[in-house]
Amino acid sequence: MMIPMHNLFLTIIDVDSWAPDVYFDEMEDHIMENYEKRHTFIYQPPQVFTRNHLEVPVISRVYDYMHSSMHAANLFSTTGVTFPLSNYSLSFNLVKRIGFWDTVEEAIGEDFHTTQKAIWKTQG
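Now for a look at the structure at hand. (Residues numbered from 1 in each chain as written. Predicted model: local features only at pLDDT ≥ 70, side-chain atom pairs only at ≥ 80, totals over all residues. Heavy atoms only, no water.)

The next thing to look at is the overall build of the protein. Regarding its fold elements, the protein presents four helices and five strands. In the protein, the order of α-helices and β-strands from amino to carboxyl end is β-β-α-β-β-α-β-α-α. Judged by the C-alpha coordinates and their principal axes, the protein covers about 45 × 35 × 35 Å. Each of the 124 residues in the protein was classed as buried or not, and the buried ones make up 31%. (Helix = DSSP H or I, 4+ residues; strand = E, 2+ residues; numbered from the N terminus. Buried < 20%, exposed > 50% of the residue type's maximum accessible area, 1.4 Å probe, protein only.)

On to the sheet that holds strand E1 (residues 9–12), then. Working definition: the strands of a sheet are paired by backbone hydrogen bonds and lie parallel or antiparallel to each other. Taken in spatial order, the three strands make up an open sheet running E1-E5-E3, and their pairing is antiparallel. Either end of the sheet is taken by a strand with one partner, and the two such strands are E1 and strand E3 (42–43). Alignment of E3 against strand E5 (residues 88–91), held across two bridges, turns out to be antiparallel. Bridge assignment links Ile42 to a residue of E5, and that residue is Leu90. (Pairing = 2+ DSSP bridges.)

Turning our eyes to something else, we now look at the side chain of Thr115. Along the chain, the position of Thr115 falls in helix H4 (residues 110–121). The contact partners of Thr115, leaving out residues within four places of it in the chain, are Ile42, Thr82, Phe83 and Pro84. (Contact = heavy atoms within 4.5 Å.)

Glancing now at the packing of aromatic side chains. Summed over all chains, the structure comprises four aromatic pairs. Centroid distance Phe41 to Tyr43: 5.9 Å. Interplanar angle 35 degrees. Geometry classified as tilted. Taking the relative accessible area as the measure of exposure, Phe41 reaches 22% and is therefore partly exposed. Every member of this aromatic cluster is reached through a ring pair, and the members are Phe9, Phe41 and Tyr43. Positioned above the aromatic ring of Tyr35, the side-chain terminus of Arg38 is 3.8 Å from the ring centre. (Phe/Tyr/Trp six-rings, centres within 6.5 Å; stacked < 30°, edge-to-face > 60°. Lys NZ or Arg CZ within 6 Å of the ring centre and 35° of its normal.)

The grouping of Asp21, Asp25, Glu26, Glu28, Asp29 and Glu33 at the surface amounts to a negative patch. Inspection of the secondary structure puts Glu26 in helix H1 (residues 21–33). (Patch = residues over 30% accessible without salt bridge, like charges linked within 9 Å, V, L, I, M, F, W, Y side chains within 5 Å. Areas by Shrake-Rupley, 256 points an atom, 1.4 Å probe, with all protein chains shown as cover. Salt bridge = Lys/Arg side-chain N within 4 Å of Asp/Glu carboxyl O. Lys, Arg positive; Asp, Glu negative; His and termini not counted. Charge placed at Lys NZ, Arg CZ, Asp CG, Glu CD.)

This is how it looks when you write it as structure tokens:
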């Protein structure tokens, strides 16, 4: 079965983190409620490092927990703009519209950069 490209959403998840199932349920609900505007959103789950958290040095573990906490505060914004950290989802149409991901070595982190490109290339 072929998925039409206008219905395709991509989810990027770093190898050392995960997204809870409820994230995908909520994202699907939001897409259906905002179907006409579905190609203008970038979704993000909370950043949770758990894949190998017991295998990394304790200082890395503490940093990851602090980083996750700071990112959780970023999930809510009074301006409506937040920047994903590592994990995010967006439509294939949006990725195509913004020119895909930059792969040059001067590019900043792809999660932050992709969001910036989307804001600029879609006028908000």
